[in-house]
Amino acid sequence: MAAVTIGACQGCGACLLTCPTHAIRPTPGGLTVREDRCTGCLECLEICPVDAIRATAEPRGDR
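Predicted model, so just to flag it, every value in this text is computed and none were measured. What you see as residue numbers is a count from 1 along each chain, following the sequence as written. Owing to the predicted nature of the model, reporting of local features is limited to residues with pLDDT of at least 70; listing and counting of side-chain atom pairs is limited to 80 or more, with chain, interface and lining totals taken over all residues. Hydrogens and water molecules were not included; the side-chain quantities draw on all heavy atoms of the structure.

Engineer: Just checking my understanding: could you explain the confidence of the model for the chain for this structure?
Structural biologist: The predictor's confidence in any single residue is recorded as pLDDT, a number from 0 to 100. Across the chain, the average pLDDT comes to 82, with 84% of residues at or above 70. In this text, helices come from DSSP runs of H or I with a minimum length of four residues, and strands from runs of E with a minimum of two, each type numbered from the N-terminal end. The element-level mean pLDDT for the chain is lowest in strand E1 (residues 4-6), coming to 71, with helix H1 (residues 14-18) highest at 93.

Structure representation (structure tokens):
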């Protein structure tokens, strides 16, 4: 299970550049998180300027 979900994204791309495992991908409707790649490091959550990313599970990575 992915550790994050993406909601009210404004399309800045900061999370795409920050994700160390490239788990966040653009889609026609916005962005999606590849559950098989998300380690739960939450770097995307910390960098999002509009707080569009939310944790949905306990982090699985090292912070």
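Having put the structure on the table, let's press on.
Engineer: What's the story with unusual backbone geometry in this structure? I'm lost.
Structural biologist: It is generally the case that most residues other than glycine have a negative phi and that most peptide bonds are trans. Of note in this structure, Leu42 is not a glycine but carries a positive phi near 65 degrees. Within the fold, Leu42 resides in the loop between strand E3 (30-33) and helix H2 (43-47). A positive phi angle is found at Asp51, which is not glycine, with a value near 55 degrees.

Engineer: I keep staring at the state of the cysteines and nothing clicks. Help me out?
Structural biologist: One way to say it: the disulfide is the covalent bond shared by the sulfur atoms of two cysteines. Counting rule for disulfides: a pair of cysteine sulfur atoms within 2.5 Å. Counted by the stated rule, this structure contains 0 disulfides. The cysteine Cys15 is free of any disulfide, with Cys9 supplying the nearest cysteine sulfur at 6.0 Å. Summary of cysteine pairing: Cys19 is not part of a disulfide, and the nearest cysteine sulfur, belonging to Cys41, is at 6.0 Å.

Engineer: When you look at the pairing of E3 in this model, what are you seeing that I'm missing?
Structural biologist: Each regular strand carries side chains that alternate between the two faces of the sheet. Two elements, strand E2 (residues 24-27) and E3, share 4 bridges in a ladder whose sense is antiparallel. Within E3, the position partnered with Arg25 by the bridge is Thr32. Between any two strands, pairing holds if DSSP finds at least two bridges. In sequence, E2 turns back onto E3 through a hairpin of 2 residues.

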